[in-house]
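Letter by letter, the chains look like this.
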Amino acid sequence: MNTQQNIYKPKDFENKWQDKWEETHIFRALDFSDRPKYYSLVMFPYPSGDLHMGHMRVYTISDVISRHRRMLGYNVLNPMGFDAFGLPAENAAIERKVPPKQWTEKNIDYMKNQQLKRMGTSYDWEREVISCNSDYYKWTQWIFLQFYKNGLAYQKEAPVNWCEKCQTVLANEQVEDGMCWRHDDTPVIKRMMKQWFLKITNYAEELLSDIDKLSGWPERVKLMQKNWIGKSEGAEIEFYVDGRPDLKIPVFTTRPDTIYGVTYLVLAPEYKLVSELTTKENKIKIEEYIKQTGLLTEVERLSENKEKTGVPLGSFAVNPFNGKKIPIWISDYVLLDYGTGAVMGVPAHDERDFEFATKYKLDIKQVISVDGLERKLSAAYIDPGIMMNSDIFNALDNESGKKKTIEHAESKGFGKKRITYRLRDWLISRQRYWGCPIPVIYCEDCGVVPVPESNLPVLLPEDVELTGSDGSPLLRAKNWLEVNCPKCSKKGRRETDTMDTFICSSYYFLRYSDAKNDKEVFSKNNINYWLPVDQYVGGIEHAILHLLYSRFFTKSLRDFGLLKFDEPFANLLSQGMVTMFSQKEGKIAKMSKSKGNIVGTSEFFNEYGADAARLFILFAAPPEQEVEWSTQGAIGQYRFLERIWRLFFNLKENVFKGTTFSPYEGFVGIQNLNSVSQELYRIANQTIKTVSEDISDKKYTFNTAIARMTELVNAMYKFLLDKKSFDENEKSVLSFSFTNLIKLLAPLAPHITEELWEKFSGVYSIHQQKWPSFDKEALITDEVELVIQMGGKKIDVLTTKKGQAQKDLEKIALSHEKVKARLEGKELVKIVVVPDKIVNIVVK
RNA sequence: GCCCUUGUGGCGGAAUGGUAGACGCAACGGACUUAAAAUCCGUCGGGCUGUAUAAGUCCAUGCCGGUUCGACUCUGGCCAAGGGCACCA
């Protein structure tokens, strides 16, 4: 029992099986099958070139789910691809003079063959999508044209987020705390630019209300999306300019009940009427203020500590409710792109307005209080109350006041009910080279002309020089840039901005359903067969970004008639991050290259194998929680695998000796077994039951599944201890236990189980075996453990016959020595009996 | 400021109203070995009493209360850590 083959050496066979799985296509998803379909998806990676243990988690979790479903008999789609456009490739090109395409392809090759494959993943690579390849981005462009045709893609001049380091604009979702999401040291600047937007706001209401349909999503993700969409209900009320009844200034407010308390209006500095409404004597001041505002970063402008500033225009507006004249100001705390870009100032009932009015000595007029009587105000009164100083609305409670004032405005024609969302339209233009070209041509005569679908793809020119300065290199790609207008054939010029890469990732999961189709983005049959995704696994960092965009794309494509479902991802699992101590940060932090706390996959695989790494990552914590990487802990899982490996040879060579040792299919039956065998048989079946539950989509607690399997292995070792010979029944139980153990373990540790299965059965492959079922008979026992409590405290645990009557259990408890001793001198209050579980005796 | 999540041994975690600490890591002891490693078998929350590796007993799931025969689990308040939103009118 000390031969070479008895030593567990994953290096000897992990790669062998990975190659064989690929050659035999056992993970191929069939378009249409009698078996039920299951779409298992993991967020496709950006090809940065080197995966570490931190990345490994998401792929492992998703792989276990896929492999388990196959064993359950599903036709599983488990695809993989690369989100291959993006800035890092371009930056690498500038620094190292390697063309982005070459850099990207090299990374993809390495990640695919040296990393993802070496983890033992079970992807159907025949459906691979690479977003920077023209056979993919042709469809990115095609989809853009559908948005354009349907009026959901448009250009507008707007204050947009600019990152100086990225040298491009960003979507709102890509700004975190006023900083660029890629550069947390670079504040975003607002710039006025003409850019392409997608009208995601058209879907704000549906994106919000359909969140309630997402029963398979984590609550925290749903909540984050709700907050991001940020619905608020109120009214739009039109003030008009004094002396200029033709000029109207609509404002949005959630507090129409405070309309009689308005003492001024404030416009965003970028508001279009500002210069027209500025009087001569204020002109210089106003221009100066607008200039100042333009220089501020978003962080500075939105900082709450910053004292509010503003300048009066010199002109006046009229409150349509009471005809009162009020001054018009501009201030940078008013945002152009929310509501109407203008707000009414009600200092008595809004904290910001109170601060502003106090500073600039503007009137403060109270219109609501607890009891409807005027009170001294030292701060804004924002609580509910009774209205006053409000003409016909006096003495109303302010909630009904909201309704009544809106009704009044509607009947008079100067206002209406309005709902506003915090969500803004999605800015998709990027002033970068390495992205999908926006298929649009500018013609002097025809204006904006979309590239005809038959001319797609608009290829990204490859013979460009990347300098990192002077704007996009596409501006200098003359041959590419200058084209004839598709409409009038006169001279035209291509759009040089490329698309946000989040566009590419907003439909890749749809394309997987029909990845090789060169006629359509996907066929109706394929899309409606495979989608929605049954289980999506990915990081919490996409709680808003990618997941919101993808929902928006799905709903839009549905409305274009391309697919038939409302939501793309039925179930979502947001795995926690992998952490490790970082010298640089001086604390435990997310594993990442920049923090210098990474453990590479190859080093560990070479030493201990991918199976041990997979098991550790699954074992250390439930999937949603953080996991701190511990090589020591991973070695613990390696030892577990070693124990299984040795167990196999021990059984084969010592227990079964000359006789055949092969898988035991079916049940042994508990009747004929002696008590020790019964015990092991029971544990084996209990293991099948609990592991099946733990690994199922109801729980996904892989950590406890592994613990249960460890217990079974421990029990088998115990069974073998000090025993020299085994009868047929005992051998059957051992074989049964081992057979089911490796089947249960197969999705989690695919290599060792495949290798042992081959040695055990001679059959390929364990991953095509049926998932085990358990022998219900074996779990029926006639004895149970009965806990005796007094006043809720445990006194003793007895083994008793199952199914005894309440009275009998009471008797057992009351005749217990310790109970008798404690009852002395006390009064028995009552006895609580939970049959087969507990007897609790309450005394006074 | 508002909203959400999480607090359990030396450590990761288990137990969602019924035996707190499964399983693993670390540590310690024993067997095997000339020895070490590996392996196999054990011990492993804390206090106190103790015949002392027996047996007993009390305390313990962030803190203070509540509901209940019984609370890590439900509930109210507080504290701490992490996350989201934040001049959104």
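The preceding data block contains the structure.
Numbering of residues begins from 1 in every chain and follows the order in which that chain's sequence is written. Chains carry letters and ligands carry numbers; both start at the beginning, A for chains and 1 for ligands, and go up in the order they are written. Only residues with pLDDT of at least 70 are given local features in this predicted model, and only at 80 or more are side-chain atom pairs given and counted; all residues enter the totals for whole chains, interfaces and linings. Side-chain measures were taken over the full set of non-hydrogen atoms in the model, leaving aside hydrogen atoms and water.

Participant: Help me understand the overall build of chain A in this model?
Facilitator: When you go through chain A residue by residue, the secondary structure sums to 27 helices and 34 strands. Along the three orthogonal principal directions, the C-alpha set of chain A runs to about 105 × 90 × 55 Å. Note on definitions: a residue-residue contact is assigned when non-hydrogen atoms from the two residues lie within 4.5 Å. Contacts in chain A between residues far apart in sequence, at least 24 positions, make up 71% of those at least 6 positions apart. Split by element, the accessible area of chain A, about 37,900 Å² in all, is 49% carbon and sulfur. Across chain A, 115 positive and 114 negative side-chain charges occur, with their mean positions spaced 1 Å apart. Secondary structure elements are defined from DSSP: runs of H or I of at least 4 residues count as helices, runs of E of at least 2 residues count as strands, and each element is numbered from the N terminus. What sets the accessible areas is the Shrake-Rupley method with a 1.4 Å probe; for residues, cover comes only from the shown protein chains. Here Asp and Glu are counted as negative and Lys and Arg as positive; His is not counted, and neither are the chain ends. One atom stands in for each charge, and that atom is NZ of Lys, CZ of Arg, CG of Asp or CD of Glu.

Participant: Which parts of the structure should I look at to understand the protein's contact with RNA strand B?
Facilitator: Lining the immediate environment of RNA strand B, one finds 55 residues, of which Lys308, Arg352, Arg422, Glu785 and Asn840 sit closest. Among the atoms of RNA strand B close to the protein, meaning within 4 Å, 68% are from sugar or phosphate groups. Polar contacts, as counted here, are pairs of nitrogen or oxygen atoms within 3.5 Å of one another; within protein the pair requires one atom able to donate a hydrogen and one able to accept it, and residues that are adjacent in sequence qualify only if both atoms are side-chain atoms. With respect to RNA strand B, the side chain of tyrosine 338 contributes an N or O atom lying 2.6 Å from a phosphate oxygen. Broken down by element, the surface near RNA strand B gets its largest block of residues, 9 residues, from helix α22 (residues 702–720). Only heavy atoms are used to decide nearness, and a residue is near a molecule or strand if one of them lies within 4 Å of it.

Participant: Please clarify how empty space enclosed by the protein should be interpreted in this entry.
Facilitator: Grid points spaced at 1 Å and placed over the protein atoms alone form the basis of the search, with a cavity being a set where a 1.4 Å probe fits but cannot get out and a pocket an open set showing protein on both sides within 12 Å along at least five of seven lines. Lining residues have an atom within 4 Å of a point. Grid points are joined across faces, edges and corners, and a volume is the space filled by probe spheres set on the points. In this structure the tally under the stated criterion is 2 cavities of 30 Å³ or more. Contributions of two or more residues to the lining of the largest cavity are made by β6 (168–170) and β25 (498–499). When residues are sorted by character, Ala, Val, Leu, Ile, Met, Phe, Trp, Tyr, Cys and Pro go into the nonpolar class, Asp, Glu, Lys and Arg into the charged class, and all the rest, Gly among them, into the polar class. When grouped by side-chain class, the residues that make up the lining of the largest cavity number 6 nonpolar, 6 polar and 4 charged. Along the walls of the second largest cavity sit Arg57, Ile61, Ile617, Leu618, Ala621, Pro623 and Phe702, which together make up its complete lining. Counting only elements with at least two residues in the lining of the second largest cavity, the list comes to α2 (53–71) and α19 (610–619). Of the residues in the lining of the second largest cavity, the class split is 6 nonpolar, no polar and 1 charged.

Participant: Explain the packing of helix α20 (residues 631–655) against helix α23 (residues 728–745) to me, please; I cannot follow it from the model alone.
Facilitator: A pair of packed helices is characterised by two quantities: the angle between their axes and the separation of those axes. Axis geometry follows a simple rule: fit a line to the C-alpha atoms, using only the stretch in contact for helices, then measure angles between N-to-C directions, giving values from 0 to 180 degrees. Contact geometry for α20 and α23: axes closest at 12 Å, N-to-C directions at 150°. In this view, α20 runs roughly antiparallel relative to α23, as classed from their interaxial angle. Seen from above, α20 lies across α23 with left-handed handedness. Across from Phe640, Leu641, Ile644, Leu647, Phe648, Leu651 and Val655 in α20, the residues of α23 making contact are Lys731, Leu734, Phe738, Leu741, Ile742 and Leu745. Partitioning the contact of α20 with α23 into residue classes produces 12 nonpolar, no polar and 1 charged. By the definition adopted for this analysis, an angle is roughly parallel if under 35 degrees, roughly antiparallel if over 145, roughly perpendicular if from 65 to 115, and oblique otherwise. What makes a crossing left-handed is the near helix being turned counterclockwise from the far one by less than a right angle; a clockwise turn instead makes it right-handed.

Participant: Looking at this model, I keep getting lost on helix α24 (residues 750–761). Mind explaining?
Facilitator: An α-helical turn contains 3.6 residues, so any two residues separated by three or four positions project in the same direction. A helix is expected to reach a length of 1.5 Å times the quantity of its residues less one. Between its terminal C-alpha atoms α24 stretches 16 Å, which fits the 16 Å expected from 12 residues at 1.5 Å a residue. Think of it in three bands: residues with accessible area under 20% of the maximum for their type are buried, residues over 50% are exposed, and the middle band is partly exposed, with areas taken using a 1.4 Å probe on protein chains only. α24 sits mainly inside the fold: 9 of its 12 residues count as buried. Taken together, the buried positions of α24 are occupied by Pro750, His751, Ile752, Thr753, Glu754, Glu755, Leu756, Trp757 and Phe760. Taken together, the buried residues of α24 touch α1 (14–24), α2, α19, α20 and α23. Downstream of α24 by one or two residues, glycine 762 has phi in the positive range, about 75°.

Participant: What should I look at first to understand the sheet that holds strand β32 (residues 793–801) in this one?
Facilitator: Backbone-to-backbone hydrogen bonds join strands into a sheet, with any given pair of strands oriented parallel or antiparallel. Paired strands, in this sense, are two strands between which DSSP finds at least two bridges. Strand order across the open sheet formed by 4 strands is β32-β31-β34-β33, with mixed pairing between neighbours. The open sheet has two edge strands, β32 and β33 (828–834), and neither has a second partner. Averaged over all pairs of adjacent strands, the angle between strand axes in this sheet comes to 15°, irrespective of strand direction. For β33 and strand β34 (residues 838–843), the ladder comprises 6 bridges, and the chain directions are antiparallel. Directly across from valine 832, in β34, lies its bridge partner asparagine 840.

Participant: Can you help me understand the packing of α20 against α24 in this one?
Facilitator: In contact at an axis separation of 11 Å, α20 and α24 are set at 0° when each is read in the N-to-C sense. It follows from the interaxial angle that α20 and α24 lie roughly parallel. Taking contact as the criterion, the partners of Leu641, Ile644, Trp645, Phe648 and Phe649 in α20 are, on α24, Ile752, Glu755, Leu756, Lys759 and Phe760. By residue class, the composition of the contact of α20 with α24 is 8 nonpolar, no polar and 2 charged.

Participant: I tried to follow unusual backbone geometry on my own but got confused; where do I start?
Facilitator: Glycine aside, residues mostly have negative phi, and peptide bonds are mostly found in the trans state. The linkage connecting leucine 456 with the following residue, proline 457, adopts the cis geometry, with an omega of 0°. With respect to the helices and strands, the residue proline 457 is situated in the loop between β22 (447–450) and α13 (478–481). Residues tyrosine 764 and serine 765 are joined by a peptide bond in cis, for which omega reads 15°. For serine 765, the position within the fold is in the loop between α24 and α25 (776–779). Here the phi dihedral of histidine 25 falls at roughly 55°; this positive angle occurs in a residue that is not glycine. Assignment of secondary structure puts histidine 25 in the loop between α1 and β1 (37–42). The class of histidine 25 is partly exposed, set by a relative accessible area of 39%.

Participant: Looking at this structure, how should I read the pairing of strand β11 (residues 244–253)?
Facilitator: Side-chain direction in a regular strand flips from residue to residue, so the side chains alternate between the two faces of the sheet. Taken together, the 7 bridges between strand β10 (residues 231–241) and β11 define a ladder with antiparallel strand orientation. Residue isoleucine 237 lies in a different strand from β11, and its bridge partner there is valine 251.

Participant: Can you help me understand the pattern of salt bridges in this one?
Facilitator: Side chains that differ in sign of charge can pair as their charged atoms come close. Salt bridge criterion: a side-chain nitrogen from Lys or Arg within 4 Å of a carboxyl oxygen from Asp or Glu. Summed over the entire model, instances satisfying the criterion amount to 51 salt bridges. Residue aspartate 210 is joined to lysine 555 by a salt bridge in which the shortest nitrogen-to-oxygen separation is 2.5 Å. On the criterion of sequence distance, the pair formed by aspartate 210 in the loop between α6 (204–209) and α7 (219–229) and lysine 555 in helix α17 (residues 545–559) is long-range, its members being 345 residues apart. The class of lysine 555 is buried, set by a relative accessible area of 0%. Taking the shortest distance from any N to any O, the salt bridge between lysine 743 and glutamate 665 comes out at 2.9 Å.

Participant: Teacher, can you tell me more about the environment of isoleucine 65 here?
Facilitator: For isoleucine 65, the position within the fold is in helix α2. Contacts of isoleucine 65, omitting those with residues within four sequence positions, involve Tyr38, Ser40, Gln535, Val537, Tyr700 and Phe702.

Participant: I would appreciate a short explanation of the sheet that holds β1 in the present structure.
Facilitator: Strand order across the open sheet formed by 4 strands is β2-β1-β26-β27, with parallel pairing between neighbours. Two strands lie at the open edges of the sheet, namely β2 (75–77) and β27 (572–575), each paired on one side alone. Neighbouring strand axes in the sheet, compared pairwise and without regard to direction, differ in orientation by 20° on average. Pairing of β1 with β2, which is carried by 3 bridges, proceeds in the parallel orientation. Across the sheet, residue lysine 37 finds its bridge partner in β2, namely asparagine 75.

Participant: What's the story with the nonpolar core in this structure? I'm lost.
Facilitator: Buried together is how nonpolar side chains tend to be arranged in soluble globular proteins. We call a set of buried residues a nonpolar core when its members are Ala, Val, Leu, Ile, Met, Phe, Trp, Tyr or Cys and they connect through side-chain atoms within 4.5 Å of each other. In this structure, Trp426, Tyr508, Leu510, Trp629, Phe738 and Leu748 are the most contacted members of the largest nonpolar core, which totals 190 residues. Among the elements that take part in this core, α20 stands out by supplying 12 residues, more than any other. Those residues within four positions of tryptophan 629 in sequence are excluded, and the remaining contacts are Met53, Val578, Thr579, Met580, Met591, Val599, Phe604, Phe616, Ile617 and Ala634. If you look at the next biggest cluster of nonpolar residues, it comprises 36 residues, including Tyr271, Tyr289, Val346 and Val367.

Participant: I'm lost on helix α12 (residues 398–412) in this one. Help?
Facilitator: With 15 residues, α12 extends 20 Å from end C-alpha to end C-alpha; this agrees with the ideal 21 Å at 1.5 Å per step. Here the buried face of α12 lies against β10, β16 (368–369), β17 (386–387) and β18 (415–421).

Participant: Where do I start with the packing of aromatic side chains in this structure?
Facilitator: Remark: the centre distance and the inter-plane angle together describe each pair of aromatic rings, the angle taken between the planes. The pairing test for Phe, Tyr and Trp rings, Trp by its six-membered ring, is centres within 6.5 Å, and the orientation test on the planes gives stacked under 30 degrees, edge-to-face over 60, and tilted for anything in between. Taken as a whole and judged by the stated rule, the model has 63 aromatic pairs. Aromatic pair phenylalanine 147 and phenylalanine 552: ring centres 5.6 Å apart, planes at 45°, arrangement tilted. Of this pair, phenylalanine 147 sits in helix α5 (residues 134–149) while phenylalanine 552 sits in helix α17, placing them 405 residues apart in sequence. A relative accessible area of 1% places phenylalanine 147 in the buried class.

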